[in-house]
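So the chains spell out like this:
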Amino acid sequence: MDNFLKDLAYGVRTLRKSPGFTVTALITLALGIGASTAIFSVVDAVLLRPLPYADAGGLVIVNSEMRNRKVKDFPIAPGDIPDLRQGVPALSSIAALVTFRAPLVEDGAEAEQVRDAVVTGNLLPMLGARFALGRNFTDDEAAPPPPQGPAAPNVNAPAPPPLDVAVVLTHEFWRRRFGGDPNILGRSFRLAGNNAHVVGVLAPGFELLFPPRFQVERHPDVLQIARNNFAAGSRINVVFRLVGRLKPGATVAEAQAQLDAVGADLRQRFPIKQTAGFYFQAVPMRAELAADVRPALLALMGAVAFVLLIACANVANLILVRTSRRERELAVRAAFGGSRARLVRQMLAEALVLAAGGAVLGLLVARLGIAALTAVGPQSLPHIGDVGLDAVVLGFTVFATLAAAALFGVVPALRASRPDLMDVLRQGGRTGGLAAGGLLRSGVVTAEVTLAFVLLIGGGLMFRSFLAIAAADPGFDPAGVLTFSVANANARTPESRAAFQRAMHERLAALPGVTAVSAVFPIPLDGTMVNSRWGLEDAVADASHFKQANAHIVEPGYFAAMRTAILAGRDFDASDNVPASEDVIVDSLFAAQVWPGQPAVGKRIYVRFRADTAEWMNVIGVVRHQRHETLAADGRYAVFFADGQLGYGAASKWLVRTNGDPNALVAPVRAAVAVIDPQVPVAEMQPLEQYVSQARASTRFALILIGSFAVIAVVLSGVGLYGVLSTMVRQRTAEIGVRMALGAPASGIFRLVIGQGMRLSLAGIGVGLAAALLLTRVMRSMLVGVAATDPATYAAVALLFAAIAAVSCWLPARRAASLDPAVALRDE
């Protein structure tokens with residue numbers, strides 16, 4: 001150990017004598033280690049970090065799917081939950097939840113729209129949730145309310161009377177809304193029109209972790225007990241997300257087999273489930289949470305590993321050159337009894353000192369990188385806010401540092417440990433030792449070029465994808481539109497809800513600068529999807545012919561406010577915006593797929609949306625297709641219903657268009673809503689352009705990262721190429737002087753050096769092309785509008801890289817061509 005510490009101290013002294021080499025190597029390693037650490041911090045937070053639940057490995061998410069309608073990851077109908085609890089003994093417990101935004105109204109306090117989670121009483125114990133105050137729900141609090149007479153035939157009926165519900169507050173909401181009041185237990189307020197009383201406050205940090213596509217609020221404010229009569233619940237109105245816990249010793253495969261049996265039984269008992277191709281699916285919670293982002297993160301981790309390899313190769317090349325210059329010193333040390341192992345240990349100690357210094361600087365780079373990642377990363381990325389330098393990430397940094405030291409230190413150390421004293425002394429010159437490692441250094445640079453070229457191909461593909469996303473037409477004009485949501489639980493009859501909608505429209509339209517007002521649910525690209533079952537005449541007799549469409553509830557004037565063109569027929573008007581209306585509007589994708597080459601206006605579709613049974617509705621218009629799910633593809637076609645058809649107020653996302661800055665309307669809009677009803681909270685206020693920006697976020701995130709890695713890699717490989725050629729010029733100075741003395745023109749010397757550099761570059765590009773064809777296939781899920789093997793991208797990147805390589809070769813070639821023969825010969 002004492003000898004090793006002496007080696008480290010000697011290494012520090014040696015590196016201090018070569019400041020240019022040391023600084024260059026440290027910066028190179030800092031970029032490689034820092035970038036690797038930053039990306040690993042994201043991978044750790046999203047893919048590796050344990051879920052914040054008790055015994056999280058035993059948790060599974062249970063979804064439904066309708067295979068005949070190509071619908072996956074569907075919620076569960078309340079009536080199916082008792083069958084699952086009874087028929088899947090591999091799951092010791094099954095909990096249900098659904099989240100949404102709801103108004104919270106308290107006497108003497110400002111109304112607020114909160115994130116509300118309706119949960120079954122076993123959810124919190126299943127997740128191991130801890131309480132700061134109070135308790136969990138009791139069975140009595142979960143008891144269904146007494147029957148209120150026959151079920152309402154449709155949503156146009158008055159709302160049922162308020163329920164008394166027990167609620168649990170999250171710690172963060174308790175502190176923010178109630179100031180951490182220790183006497184909060186028993187306090188009452190109105191929540192979504194019901195009478196709520198507080199029975200508990202959770203410990204800090206509680207969250208509901210589901211993939212973004214599941215539309216579950218990650219950070220609920222309030223959890224209220226579900227007072228559902230599941231035994232008599234609907235079998236077709238899907239509402240709940242389910243979480244199950246495996247029994248000790250049970251496996252996901254056993255649970256899936258039992259779910260399959262329950263699904264088969266339900267398909268036999270309920271023909272609609274048979275025709276829909278209804279199945280259940282169980283997936284481990286950890287795997288489901290990261291399923292959407294795992295391919296992209298692994299691709300990014302592979303990309304940053306390339307950067308680290310290139311950085312190590314560059315430093316190895318620098319060390320090889322430096323070692324060649326020190327061959328005389330090393331040979332003398334060997335002559336005085338220095339063993340090969342002693343020389344290897346000394347060189348490795350210097351490599352370790354360099355790696356440690358690079359790691360320290362790399363951590364600074366990583367901190368900056370993590371700050372940038374959390375700033376530009378899509379909010380749909382799970383745990384993006386939890387990324388940081390924790391113990392696991394620091395452990396990875398240590399591992400990367402040791403691996404880097406081994407990668408760039410071992411080969412130079414082994415080579416330096418075999419000096420030939422007589423040969424070194426015979427050479428006697430300053431450049432003799434440089435020639436011996438030329439082939440190795442050239443091979444290292446070729447490998448650098450290969451790796452950098454693959455990264456540049458990935459960056460080019462992501463750039464093409466981002467251009468495709470940026471050019472994608474969403475089917476509406478987001479500029480100048482302010483959006484916000486309003487949840488009005490005070491209006492409990494269709495008449496009062498209609499009056500509120502009219503008052504909203506009148507007040508907002510009267511605001512200065514407002515050119516259009518309407519409402520919709522859901523807003524395109526907000527992550528919310530509403531489904532509607534529909535069919536044609538054949539579906540009346542055979543339900544297997546039903547298909548699935550996106551459903552949107554709109555107020556008259558919605559398409560004008562969104563500047564979505566009406567291609568045929570007409571918009572909804574006041575006569576359509578009533579409960580008895582049987583008119584719908586479809587989009588151009590629906591019309592083209594269902595009635596190709598035929599006019600859609602005047603046709604009928606058999607729709608099940610506003611009632612428990614399907615009904616015939618008339619197509620009165622065709623509008624331009626709006627991209628609702630993603631900008632990357634058209635997605636599903638859509639059917640639009642007038643708000644009044646569903647009893648008014650379902651269109652709760654408001655749109656206010658102005659010719660100016662939509663943010664200037666924030667205060668006037670809040671004031672206008674307060675005039676109508678001060679107990680109606682306004683929430684989620686943001687420009688419509690923000691939804692479009694969020695839809696581009698994942699592609700932009702990948703482009704920034706892969707593009708940054710590609711730039712770093714190209715710069716490092718260019719520096720490596722420059723270093724090899726500069727060394728070649730130095731070692732062949734005498735030869736160049738002889739050539740020029742014998743009449744070789746400067747242009748010939750220039751071509752000689754350029755030719756050697758371009759041969760190395762073209763060899764790397766050739767290998768890189770083959771590697772890219774294989775490796776970029778893992779990027780398929782990240783690409784939009786371009787294939788992973790796109791010839792145009794490959795050709796453009798090859799030309800670009802060749803140009804960059806030519807620039808890297810130009811400086812050494814120019815210096816070689818400008819040598820004075822007399823000086824060159826004297827230098828030798």
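An account of the accompanying structure is given in this report. One numbering rule holds for all chains: residues counted from 1, following each sequence as written. Local features in this predicted model are restricted to residues of pLDDT 70 or higher, and side-chain atom pairs are both shown and tallied only at a pLDDT of 80 or more, whereas totals for entire chains, interfaces and linings draw on every residue. Side-chain metrics rest on all non-hydrogen atoms present in the structure, leaving aside hydrogens and water.

Bringing the nonpolar core into the picture now. The nonpolar core is taken to be a set of buried Ala, Val, Leu, Ile, Met, Phe, Trp, Tyr and Cys residues, with the residues joined through side-chain atoms within 4.5 Å. Relative accessibility under 20% of the residue-type maximum defines a buried residue, over 50% an exposed one, and the middle range a partly exposed one, all with a 1.4 Å probe and only protein chains included. Counting residues in each nonpolar core, the largest one holds 94 residues, and the members touching the most others are Ile39, Leu354, Phe408 and Phe709. Elements supplying a minimum of two residues to this core: helix H2 (19–48), helix H9 (294–325), helix H11 (340–376), helix H12 (391–416), helix H14 (438–471), helix H20 (688–731), helix H22 (746–775) and helix H23 (791–817). Counting from the N terminus, the helices are DSSP H or I runs at least four residues long and the strands are E runs at least two residues long. Residue contributions to this core peak at 15 residues, all from H9. Should any heavy atoms of two residues lie within 4.5 Å, those residues are considered in contact. Those residues in contact with Phe709 that lie beyond four places of it in its chain are Ala35, Ile39, Leu300, Ala303, Val304, Val307 and Leu455. Phe500, Phe590, Ala591 and Met617 belong to the second largest nonpolar core, which has 42 residues in total.

In terms of burial, strand E18 (residues 604–608) is a largely internal element, 4 of the 5 residues being buried. Any two strands with at least two DSSP-identified bridges between them are counted as paired. Strand direction decides the pairing type here: strand E14 (residues 531–535) and E18, joined by 3 bridges, are antiparallel. Looking at E18, one finds that Gly535 is bridged to Tyr606. Pairing between E18 and strand E19 (residues 615–623): 4 bridges, direction antiparallel. Along E19, the bridge assignment pairs Arg604 with Asn618. Where E18 hands over to E19, the hairpin turn is made up of 6 residues, counted between the paired strands.

A few words now on the packing of aromatic side chains. Think of it this way: a Phe, Tyr or Trp ring, Trp meaning its six-membered ring, pairs with another when their centres are within 6.5 Å, and the plane angle makes it stacked under 30 degrees, edge-to-face over 60, tilted otherwise. Throughout the structure, instances matching the rule amount to 17 aromatic pairs. Aromatic pair Phe178 and Phe189: ring centres 6.1 Å apart, planes at 20°, arrangement stacked. Highlighted residues: Phe178 in helix H5 (residues 171–178) and Phe189 in strand E7 (residues 188–191), separated in sequence by 11 residues. For the residue pair Phe178 and Phe189, the accessibility class agrees, reading buried in each case. Where Phe609 meets Phe641, the ring centres are 4.4 Å apart and the plane angle is 20°; that geometry is what we call stacked. Here Phe641 lies in strand E20 (residues 638–642) and Phe609 lies in the loop between E18 and E19, a separation of 32 residues in the sequence. Across the pair, exposure class does not vary: Phe609 and Phe641 are buried alike. In this scheme, Lys NZ or Arg CZ marks a charge over a ring once it lies within 6 Å of the ring centre and within 35 degrees of the ring normal. A cation over an aromatic ring shows up here: Arg241 above the ring of Phe214, its NZ or CZ 4.1 Å from the ring centre.

By salt bridge we mean one thing: a side-chain nitrogen of Lys or Arg within 4 Å of a carboxyl oxygen of Asp or Glu. What the rule picks out here adds up to 32 salt bridges. A salt bridge links Asp583 to Arg570; its shortest N-O distance comes to 3.9 Å. With Asp583 in strand E17 (residues 583–587) and Arg570 in the loop between strand E16 (566–569) and E17, this pair connects stretches of sequence that are 13 residues apart. Since its relative accessible area comes to 14%, Asp583 is described here as buried. Residue Arg570 is classed as partly exposed on the basis of its relative accessible area, which comes to 35%. For Asp634, the salt bridge is made with Arg627, and the minimal N-O distance between the two is 3.1 Å.

Here the focus is a nonpolar patch on the surface. Every patch collects residues that have over 30% relative accessible area and no salt bridge, joining them within 9 Å if they carry like charges and within 5 Å if they are nonpolar side chains (Val, Leu, Ile, Met, Phe, Trp, Tyr). Computed by Shrake-Rupley with a 1.4 Å probe, the accessible areas treat only the displayed protein chains as cover when residues are assessed. Taken together, the side chains of Val711, Val715 and Val719 define a hydrophobic patch exposed on the protein surface, amounting to about 250 Å² of accessible area. Summarising the element assignment, Val711 is placed in helix H20.

This next bit is on the side chain of Thr22. By the element assignment, Thr22 lies in helix H2. Taking relative accessible area as the criterion, Thr22 reaches 12% and is therefore assigned buried. Those residues in contact with Thr22 that lie beyond four places of it in its chain are Leu15 and Leu354.

The set of residues buried in H5 consists of His171, Phe173, Trp174, Arg177 and Phe178. Viewed end-on, H5 has its buried residues packed into an arc of 165°, placing them on one side of the element. Phi turns positive one or two residues past the end of H5, at Gly179, with a value near 60°. As used here, the arc belongs to the directions running from the helix axis to the C-beta atoms.

Bringing the side chain of Lys273 into the picture now. Positionally, Lys273 belongs in helix H7 (residues 271–276). Each residue touching Lys273, except ones within four places of it in the same chain, is listed here: Asp80, Arg235, Leu266, Arg267 and Phe278.

Look at the link from Phe521 to Pro522: it is a cis peptide, with omega at -10°. Tracing the chain through its elements places Pro522 in the loop between strand E13 (514–521) and E14. Positive phi values are uncommon outside glycine, yet Arg563 reaches one of about 55°. Tracing the sequence through the fold places Arg563 in the loop between helix H17 (558–562) and E16. Backbone geometry at Tyr648 places phi at a positive 70°, although glycine is not the residue there. Mapping Tyr648 onto the fold places it in the loop between E20 and strand E21 (653–658). Classification of Tyr648 by relative accessible area gives buried; the value is 15%.

The next point concerns the environment of Gly32. Here Gly32 shows up in helix H2. Along the sequence, Gly32 and Ala400 sit 368 residues apart, while their C-alpha atoms lie 9.4 Å from each other. Once you skip the residues sitting within four places of it in the chain, Gly32 turns out to touch Val307, Leu308 and Ala311.

For the rest of this paragraph, the subject is helix H6 (residues 252–269). The terminal C-alpha atoms of H6, which comprises 18 residues, lie 26 Å apart, in line with the 26 Å expected from a rise of 1.5 Å per residue. Along H6, the positions that sit buried rather than exposed are Ala255, Gln256, Leu259, Val262, Gly263, Leu266 and Arg267. All buried residues of H6 fall inside an arc of 140° around its axis, so they share one side. Exposed side chains of H6 directed beyond 90 degrees from the buried face belong to Ala253 and Gln268. Looking at the buried positions of H6, the neighbouring elements they touch are strand E1 (59–66), helix H3 (81–87), strand E3 (91–105), strand E10 (241–246), H7 and strand E11 (278–284). The length a helix should cover is 1.5 Å for every residue beyond the first.

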